[in-house]
Amino acid sequence: MTSSHSDCCISRQRTWSVPIPVFYHAETKEPLLNEETVVHIKSIISQKGSDAWWYMSVEELLPENYRDKASDYVKGTDTMDVWFDSGSSWAAVLENRNGLRFPADLYVEIISIAVGFPAG
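Residues numbered from 1 in each chain as written. Predicted model: local features only at pLDDT ≥ 70, side-chain atom pairs only at ≥ 80, totals over all residues. Heavy atoms only, no water.

Caption draft 1: Here's a closer look at the confidence of the model for the protein chain. With 70% of its residues at a pLDDT of 70 or more, the protein chain has an overall mean of 79. Counted against residues more than four places away or in other chains, residues 8-13, with its pLDDT under 50, gives eleven contacts. (pLDDT = per-residue confidence, 0-100. Contact = heavy atoms within 4.5 Å.)

Caption draft 2: Summary view of unusual backbone geometry. With a phi close to 65°, Lys-29 is a non-glycine residue in the positive phi region. The class for Lys-29 is exposed, based on a relative accessible area of 55%. (Buried < 20%, exposed > 50% of the residue type's maximum accessible area, 1.4 Å probe, protein only.)

Caption draft 3: Structural detail: the sheet that holds strand E3 (residues 73-75). Reading across from one edge, E2-E1-E3 is the order of the three strands in this open sheet, with antiparallel pairing throughout. The sheet is open, and its two edges are formed by strand E2 (31-32) and E3, each paired on a single side. Pairing geometry for strand E1 (residues 23-25) and E3, over three bridges, is antiparallel. Note on E3: the bridge partner recorded for Phe-23 is Lys-75. (Pairing = 2+ DSSP bridges. Helix = DSSP H or I, 4+ residues; strand = E, 2+ residues; numbered from the N terminus.)

Caption draft 4: Fine view of the pattern of salt bridges. Scanning the model with the defined rule gives one salt bridge in all. The shortest N-O distance in the salt bridge between Arg-67 and Glu-64 comes to 2.9 Å. Its relative accessible area of 58% is what places Glu-64 among the exposed residues. (Salt bridge = Lys/Arg side-chain N within 4 Å of Asp/Glu carboxyl O.)

Shown next as structure tokens:
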């Protein structure tokens, strides 16, 4: 079913979705995901967009305290499930745009629905 839909992967996530900002130790596979790393990556994404995760090096993405060990880590390749991402984006829009009120009268994301269901 998914062979003709290159934007799908087994986890039902989309390969073009928002990356989960986790690093993994290359040998132990232990995740590195804490407040310091998330805050640092959030500041990068705020300036450069979420694609920064894909084009920046591990050393560039890690906070200063971890950079000397950058060669020990690899970036995670999982992305945020599109349903979570889509279902929570309204909060960021309503909180950050003047003139909008909470709760919204209507919030529609047509593009998610249009490409979210592969024909089977």
